[in-house]
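# Observations on chain architecture
Listed below, chain by chain, are the residues.
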Amino acid sequence: MSAVVQTRRVTVPQIRAHKGAEPIVCLTCYHAHTARLLDTHVDLMLVGDSLGMVMHGLETTVGVTLDMMITHGKAVMRGSSHALVTIDMPFGSYEESPQAAFRNAARVMQETGCTAVKMEGGTRMAETIRYLTQRGIPVMGHIGLTPQSVNVMGGFKTTGRTVAEWPAILADAKAVSDAGAFAVVLEGMAEPLAAHITQEIAIPTIGIGASSACDGQVLVMEDMLGLNPNPPKFVRQYAQLGPAIEAAVEAYAKDVRERRFPGVENVYPMKKAQ
Ligand code: KIV
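Residues numbered from 1 in each chain as written. Predicted model: local features only at pLDDT ≥ 70, side-chain atom pairs only at ≥ 80, totals over all residues. Heavy atoms only, no water.

Let us now look at the nonpolar core. The tendency in soluble globular proteins is for nonpolar side chains to be buried as a group. In this structure, M45, V117, M119, L186, M189 and I197 are the most contacted members of the largest nonpolar core, which totals 59 residues. In terms of residue count, helix 4 (residues 66-79) provides more of this core than any other element does, six residues in total. Not counting residues up to four positions away in its chain, the partners in contact with M189 are I143, G144, T158, T159, I169, A194, I197, G209 and A210. Among the nonpolar cores identified, the runner-up in size contains 16 residues, and V10, C26, A116 and F182 belong to it. (Core = buried A, V, L, I, M, F, W, Y, C linked by side-chain atoms within 4.5 Å. Buried < 20%, exposed > 50% of the residue type's maximum accessible area, 1.4 Å probe, protein only. Helix = DSSP H or I, 4+ residues; strand = E, 2+ residues; numbered from the N terminus. Contact = heavy atoms within 4.5 Å.)

Contact pair helix 5 (residues 98-112) / helix 6 (residues 126-133): the axes reach a minimum separation of 9 Å and the direction vectors enclose 50°. When the interaxial angle is binned, helix 5 and helix 6 end up oblique. With respect to the hand of their crossing, helix 5 and helix 6 are arranged in right-handed fashion. On the side of helix 5, the interface is formed by P98, Q99, A101, F102 and A105, while helix 6 contributes E127, T128, Y131 and L132. For the contact of helix 5 with helix 6, the residue count by class is six nonpolar, two polar and one charged. (Axes fitted to C-alpha atoms, helices over the stretch in contact; angles between N-to-C directions. Parallel < 35°, antiparallel > 145°, perpendicular 65-115°, else oblique. Left-handed = near helix turned anticlockwise from the far one by under 90°. Nonpolar A, V, L, I, M, F, W, Y, C, P; charged D, E, K, R; others polar.)

Glancing now at the site of the ligand. The ligand sits among T28, L46, G48, D49, S50, D88, K118, H142, V185 and I208. For the ligand, an oxygen atom lies 3.0 Å from a polar atom in the side chain of D49. Here D88 contributes a side-chain N or O atom positioned 3.2 Å from an oxygen atom of the ligand. Residue composition of the shell around the ligand, by class: three nonpolar, four polar and three charged. (Near = heavy atom within 4 Å. Polar contact = N/O pair within 3.5 Å; in protein donor to acceptor, adjacent residues only side chain to side chain.)

Per the counting criterion, the structure on display carries one aromatic pair. Aromatic pair F102 and Y131: ring centres 6.4 Å apart, planes at 80°, arrangement edge-to-face. Here the residue F102 occupies a position in helix 5, and Y131 occupies one in helix 6, the gap between them amounting to 29 residues. Among the residues examined, Y131 registers a relative accessible area of 21% and is labelled partly exposed. Taking NZ or CZ as reference, R135 lies 3.6 Å from the ring centre of Y131, over its face. (Phe/Tyr/Trp six-rings, centres within 6.5 Å; stacked < 30°, edge-to-face > 60°. Lys NZ or Arg CZ within 6 Å of the ring centre and 35° of its normal.)

Structural measurements only, silent on function.
Below is the structure:
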């Protein structure tokens, strides 16, 4: 009998098949416990480089390294067995050349066991997306607001709010799709443009701060759980875990200080002398 445990994860063709059909459910995930909780409820888990801000307290994603992505990617893979796991290529790991991107993406896949990688950029990344997909690496695109370019943009700004911006963003979407990406994230994009792109391209669009007409949605899990005191305006919060954690810690601190901390006598009773 084989010692290898077979898992049946959602596949890239299954994600592609969501185009124009049932919306893709996607959340970010950075560690094993939450991966286990999300696993059967989502189609796709994204180990996003937003982990730099959420897990490591960085101000932007620019400081995130390949090693950080691999460490969190391994944890998410260990905690899950159903959802397709995609890992973000961090700033500096893929822009230089298709060859460098291939080397680093292959390392991410080999060391974590994930199915796919995501990279930011439209037309400028098309050659790289084609190079990787032709060599066995499924790529998810990411256009509109691309946080790794924060220093060029001078902040995080919603895109496509003037019609003059539309042709370039639509060209980005088409370039990513034509290059072979299996899906594309539309982030921080005016609603009608995101809806229009969804109509125009052959691959599923996954929106964040974009349009409910997209073929799927992604949120940063900590934002929707109420763990971020300043979430983006478009985020709907489905729980208030931040205040719940604070209340629990306050109650624990009170118990400890008042020596009401439960003893372990019932759990590990003294053994009788032999
Ligand atoms: O890094 C991330 O979490 C992302 C999503 C916001 C799409 O790229």
